[in-house]
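# Observations on chain architecture
Each chain, letter by letter, is given below.
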Amino acid sequence: MNKKILVINGHPNRASFNFGIATAYREGAKESGAEVRSINIADLNFNPNLQFGYQRRTELEPDLLQAWEDLQWADHLVWVHPVWWGGLPAIMKGFIDRLFLPGFTFQYRENSLFWDKLLKGKSARIITTLDQPGWYYALVYGRPSVNQLKRSTLLFCGVSPVKVTYLGIIKTSDTTRRNKWLQKIKQLGQNQG
């Protein structure tokens, strides 16, 4: 059975290589027969600030309501983002803060330290760009963006398995290298993985 895939691009700049990556994955997935939807977080109109924390819910803007519908629809989530200062771009973090809410993606149990994972049955792929080799990012820095998105967000909410693809070093890459990466990403899309 072909998957329903949601490609979520967390880079705020449409001229970025991350937009090319998201396009390559989408093209490959569509060629394989998958149903594909996309979210470019930078195109959404929403306040990325979780203004009241978890004390009071901020109503979701129409773009976030559509994003929530897309998230529920999907079997497989593909997150594309750069690593900036070891973490996620601010707009992507704001998207997660506003959408991955108690009662939506997880629910704490009453009088318990445990919680229900409300996104069970979904899988994910994180495709992240770096200005260092992936092994260096893991060894020296402990891969904080992956820990945040994979472990502290997706796995916390029941998304499993979550696979990671590192692309780097971006700043010193030439057109030939980038085209090879795009072919690799298109093939991931064709494999719906």
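Heads up: the structure comes first, above all this text.
In short, a report on the structure.

Calculation notes
- Residues numbered from 1 in each chain as written.
- Predicted model: local features only at pLDDT ≥ 70, side-chain atom pairs only at ≥ 80, totals over all residues.
- Heavy atoms only, no water.
- Helix = DSSP H or I, 4+ residues; strand = E, 2+ residues; numbered from the N terminus.
- Buried < 20%, exposed > 50% of the residue type's maximum accessible area, 1.4 Å probe, protein only.
- Patch = residues over 30% accessible without salt bridge, like charges linked within 9 Å, V, L, I, M, F, W, Y side chains within 5 Å.
- Areas by Shrake-Rupley, 256 points an atom, 1.4 Å probe, with all protein chains shown as cover.
- Salt bridge = Lys/Arg side-chain N within 4 Å of Asp/Glu carboxyl O.
- Contact = heavy atoms within 4.5 Å.
- Polar contact = N/O pair within 3.5 Å; in protein donor to acceptor, adjacent residues only side chain to side chain.

## Focus: unusual backbone geometry
- Residues S160 and P161 are joined by a peptide bond in cis, for which omega reads 0°.
- Among the secondary structure elements, P161 is positioned in the loop between α5 (144–155) and β7 (162–168).
- Omega for the bond connecting G168 with I169 falls within 30 degrees of zero, at 20°, which places this linkage in the cis form.
- Unusually for a residue other than glycine, W85 sits at a positive phi of about 50°.
- For W85, a relative accessible area of 92% translates into the label exposed.
- Non-glycine residue R143 carries a positive phi angle of around 45°.

## With respect to a nonpolar patch on the surface
- On the surface, W135, Y136, L139, V140 and Y141 cluster together to form a nonpolar patch covering roughly 600 Å² of accessible area.
- Locating Y141 in the fold gives a position in helix α4 (residues 134–141).

## Topic: the environment of R37
- Here R37 lies in strand β2 (residues 35–40).
- As for R37 and D70, which are separated by 33 residues in sequence, their C-alpha atoms are 7.3 Å apart.
- Ignoring any residue separated from it by four or fewer positions in sequence, one finds R37 in contact with I5, L6, V7, E69, D70 and W73.
- One polar contact links R37 to D70, side chain to side chain, over a distance of 2.8 Å.

## With respect to the pattern of salt bridges
- Summed over the entire model, instances satisfying the criterion amount to six salt bridges.
- A salt bridge links R14 to D43; its shortest N-O distance comes to 2.5 Å. On the criterion of sequence distance, the pair formed by R14 in the loop between β1 (4–9) and α1 (17–31) and D43 in the loop between β2 and α2 (62–73) is long-range, its members being 29 residues apart.
- Judged by relative accessible area, which is 52%, R14 ranks as exposed.

None of the figures reported here should be taken as evidence of function without further support.
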